[in-house]
Amino acid sequence: MALSARYDQLIRLMLVGDQTVGKTCLLCQYANHEFHDHHVTTLGVDFRVRLIELDGRMIKMQIWDTAGQERFLAITKQYYTRAQGCILVFDICSRSSFESLAKWLLYVKMYAQKDTAVIIVGNKTDLEERRQVATATAQQFADENGVMYFETSAKDLKSLEKPFYELCRQVVDATNKSLNSAQNNDTLSLEQDKDTSKSDSSPLTKSKCC
Ligand SMILES: Nc1nc2c(ncn2[C@@H]2O[C@H](COP(=O)(O)OP(=O)(O)O)[C@@H](O)[C@H]2O)c(=O)[nH]1
Ligand SMILES: [Mg+2]
């Protein structure tokens, strides 16, 4: 069996955000340890994979890279529905890309599943001198929306490990939680079935003795 095929769980993540904030670069760096200086417009969607170990289990992350333009929304919409985790990316050197976060959050609320995990990433920290969005401002926005905030540079692989790891953890925890509650429901309905069969038998018992 190929090494890449050995995993315990597959999770689907998605990168969203305005055009040129660095979504494709983040993904290339995280999955393939490469950085590209030139911008190539993402057409619709593209994906890459990366395996990480979490609590002794191998998790295969399938990470979808979407185009930031509205004209691709019709295509990307269906990916929201399947994503278990979303990374909302903005460029710390672009105030407008930060202001767009409200719109991207709205799309997640509109099209993704209710329990989809979300994090916000402020990218391009290597361009600190051109920063337009203070860390505290972005952190406050994240806090107000109940999500975690991270800052990254697509040039620095180390800065990407934590956000992806945290999102992966949130998705795995949510999956375990829903599996547990499904199992509890099964147990409950089994017990209810037992009870019903008991009460079903009681009229018989009664009719016997009367
Ligand atoms: N300095 C710097 N440039 C970046 C970073 N991330 C992306 N870029 C550049 O920003 C441009 C747009 O990146 P891209 O990944 O194509 O953006 P996307 O449209 O969001 O996918 C490209 O020229 C990248 O080289 C980063 O962290 N630091
Ligand atoms: Mg792109």
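Going by the structure above, here's the rest.
It should be emphasised that the depicted structure is a prediction, and the values quoted were computed from it without experimental measurement.

What counts, and at which threshold
Residues numbered from 1 in each chain as written. Chains lettered and ligands numbered in written order. Predicted model: local features only at pLDDT ≥ 70, side-chain atom pairs only at ≥ 80, totals over all residues. Near = placed C-beta within 6 Å. Helix = DSSP H or I, 4+ residues; strand = E, 2+ residues; numbered from the N terminus. Nonpolar A, V, L, I, M, F, W, Y, C, P; charged D, E, K, R; others polar. Core = buried A, V, L, I, M, F, W, Y, C linked by C-beta atoms within 7 Å. Buried ≥ 20, exposed ≤ 12 C-beta atoms within 10 Å, placed from the backbone. Contact = placed C-beta atoms within 7 Å. Pairing = 2+ DSSP bridges. Axes fitted to C-alpha atoms, helices over the stretch in contact; angles between N-to-C directions.

Trainee: Run through the site of ligand 1, naming residues and quoting values.
Mentor: Every one of the 20 residues lining ligand 1 counts as a neighbour, but Gly22, Lys23, Thr24, Cys25 and Ala154 are closest to it. Top element by residues in the shell around ligand 1 is helix H1 (residues 23-32). It accounts for three residues. Class assignment for the residues of the shell around ligand 1 results in four nonpolar, eleven polar and five charged.

Trainee: Describe in detail the nonpolar core, supporting the description with residues and values.
Mentor: In terms of nonpolar packing, the biggest core is built from 44 residues, with Leu13, Met14, Leu15, Ile87 and Leu88 touching the most fellow members. Sort the elements by how many residues they give to this core and helix H6 (residues 157-209) lands first, with six residues. Apart from residues lying up to four places away in sequence, Leu88 is in contact with Val16, Gly17, Leu101, Trp104, Leu105, Val118, Ile120 and Val121.

Trainee: Describe in detail the sheet that holds strand E5 (residues 117-123), supporting the description with residues and values.
Mentor: The strand order across the open sheet formed by six strands is E2-E3-E1-E4-E5-E6, and the pairing between neighbours is mixed. Each having just a single partner strand, strand E2 (45-54) and strand E6 (148-151) make up the two edges of the open sheet. Shown here is a sheet whose adjacent strand axes are inclined to one another by a mean of 25°, direction ignored. Taken together, the seven bridges between strand E4 (residues 85-91) and E5 define a ladder with parallel strand orientation. When the bridges of E5 are listed, Asp91 appears paired with Asn123. Where helix H4 (residues 101-111) meets the sheet, its contacts fall on strand E1 (9-16), E4 and E5, and the angle it forms with E4 comes to roughly 165°.

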